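In case you want the letters, here they are:
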Amino acid sequence: MKTKIIFMLINMNVGGTEKALLNMISEMPKEKFDITILLLEDYGGFRGSIPNHVNVEYLRGYNQIKNIINEPLHTIAFNFLKSRNLIKSLTFMYFYLITKIMNERSPLFKYVLKDFHFDKKDYDIAVAYAGPMDLISYFVLHKIKAKEKIQWIHFDITKIGFNKSFAKSNYKKFDRIFVVSEEAKKKLTKVVPSIAPKTGLFLNIVSPKTIYEQAKKGQGFKDEFNGVRILTVGRLAQEKGQDLAILACKTLINDDYDIKWYCLGDGNMRREYEKLISYNNLEDKFIFLGADPNPYHYIEQCDIYVQPSRYEGYCLTILEAKYFNKPIIATNVNGVREQIKDGETGIIVNINENEIYLALKRLINNKDLRHKLTYNLIKEDKQQYNSLPSNFK
C-alpha cells in the first residue's frame, strides 16, 4: 500500500522553495507514494513542472479570505464600517485587538477557516511546506487529517517575517520539524527551544538526473558575446541582492573588464533595478533574462556564478551551480558554509558590492584559481545533496 502524503504551499512560483519540492518529489518512488500538492493559488511558472502522477488540489474559497489574511485588521474593520456593516466591523475590530494582545493570528485563522474543510482522504503524512505563512501551518494542523504532521522551514527566521508567539504555541503540535540548514536550525531552536527535540536538519536536494536532462532542453545564451559571462539566478527582490551585483558590475566595467552579467528571474524589484542599471549606463552589460523554470543550460554555459543574497535559508541555485562545477562567489548567508569551502570549492564574501567586485576581479585575473575551484567541485562527493529523509524513500 502506498504512503499517502500531502504538501501544502502558497503557489508554484519560480522560486527555491517550490523547486526544492519538485526535486524531492522527483526522487520519491512512484510505486511507494501517493502524492498530493495542495495550493492556495492556481498559478506560478513551476505549475507545469508538477509531474503527472502527482495530484494537485486547491483551497477553494481562498480568494474570499485572502485580503483578510494579508491586510491590516483595523483597515478591514474600518472598510466594513464605511460600508455600514457594523457587525462585521465590530467582529474584525475584536480580532484586531485580540491578535494585538496575543501577538499572533490563530483566533483569526479559526474564524476565517471555520467553513473550510479538506477531507479528500486521510493522509499518512501532511506537510506545511510553504515556510513563513502561518495560515498554512494552522490549516495543516487543524484542517487536514493525517497520522503525522511536519512543519518545514526554508528561511532564516531572523531575517524574514516570523511570528515567535505563533511558533511557540503551534509548532509543538507538529510531530516533526525540518529545517534546511544547520545554521537556520540553530536560530530556530534558540528562539523556540521547546521544539528542539523534534527539530531535524534536512538539506534541500538537487536531482542530478533532472538538471542534466533539463540542461539539454534549455535555451541558454543567444548573443555572440565572447568575454566573461557572469550569471545570477533568483527572484528580483531586495533579499536576493541584485542591486549589489549591479554596483559590482559597474566597477568591473569601469576597470575595463570584458564581462556581461546575466540575471535570470523576475520580481517586484525589477523596475527599481532597471532604473539603477540605466543610471549606471549598464543596459548592454547587466542583462535581465526574465524568469525561466529551466535555468540549467545558462548555468552550464556561464563562466562564473554569483549569488549576492542578503539572506537565504539554504540556497538551491548554489547547489545547481556546483553540479555544473562552476566557480562560485556567494555572500556569507545562512547555509553557505555548509555548501562551500571558502577558497576550495568557491569564494565566500561579506554582503557588500565591493567584496563581490574584488572576488570577481580575483577570479577573472586568476585562471589557475578558477581551474582549482572547478577541479575540487568535480572531485567533491555530492551524494548528500540528493538524499531523502528515511520515511520519504
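It should be noted that the structure appears before, not after, this text.
Source: prediction; values computed, not measured.

Novice: I'm lost on the sheet that holds strand β2 (residues 33-39) in this one. Help?
Specialist: Whenever strands of a sheet pair, they do so through backbone hydrogen bonds, lying parallel or antiparallel. Spatially, the 7 strands line up as an open sheet ordered β3-β2-β1-β4-β5-β6-β7, and their pairing is parallel. Looking at strand neighbours, the two that pair on one side only are β3 (55-58) and β7 (199-201), the edges of this open sheet. Looking at each pair of strands side by side, their axes are set apart by 35° on average, direction ignored. Contacts from helix α6 (residues 134-143) reach β1 (3-9), β2, β4 (118-128) and β5 (144-153), with the element oriented near 160° to β5.

Novice: Which parts of the structure should I look at to understand the side chain of Asn11?
Specialist: Mapped onto the secondary structure, Asn11 falls in the loop between β1 and α1 (16-27). At 3.0 Å, the side chain of Asn11 and the side chain of Glu41 are in polar contact. At 3.2 Å, the side chain of Asn11 forms a polar contact with the side chain of Tyr43. With sequence-adjacent residues up to four places away left out, Asn11 is seen in contact with Glu18, Leu39, Glu41 and Tyr43.

Novice: Could you clarify how one ought to interpret the side chain of Asn204 in this entry?
Specialist: Here Asn204 is to be found in the loop between β7 and α9 (208-217). Within the structure, the side chain of Asn204 is placed 3.3 Å from the backbone oxygen of Tyr314, a separation counted as a polar contact. Those residues within four positions of Asn204 in sequence are excluded, and the remaining contacts are Ala20, His154, Val180, Tyr314, Leu316, Leu319 and Tyr385.

Novice: I keep staring at the environment of Ser137 and nothing clicks. Help me out?
Specialist: Looking at the element boundaries, Ser137 is found in helix α6. Exposure remark for Ser137: the relative accessible area of 1% places this residue in the buried category. For the pair Ser137 and Tyr323, spaced 186 residues apart in sequence, the C-alpha to C-alpha distance is 33 Å. Ignoring any residue separated from it by four or fewer positions in sequence, one finds Ser137 in contact with Ala128, Gln151, Phe166, Tyr171 and Phe174.

Scoring rules and cut-offs
Residues numbered from 1 in each chain as written. Predicted model: local features only at pLDDT ≥ 70, side-chain atom pairs only at ≥ 80, totals over all residues. Heavy atoms only, no water. Pairing = 2+ DSSP bridges. Helix = DSSP H or I, 4+ residues; strand = E, 2+ residues; numbered from the N terminus. Axes fitted to C-alpha atoms, helices over the stretch in contact; angles between N-to-C directions. Contact = heavy atoms within 4.5 Å. Polar contact = N/O pair within 3.5 Å; in protein donor to acceptor, adjacent residues only side chain to side chain. Buried < 20%, exposed > 50% of the residue type's maximum accessible area, 1.4 Å probe, protein only.

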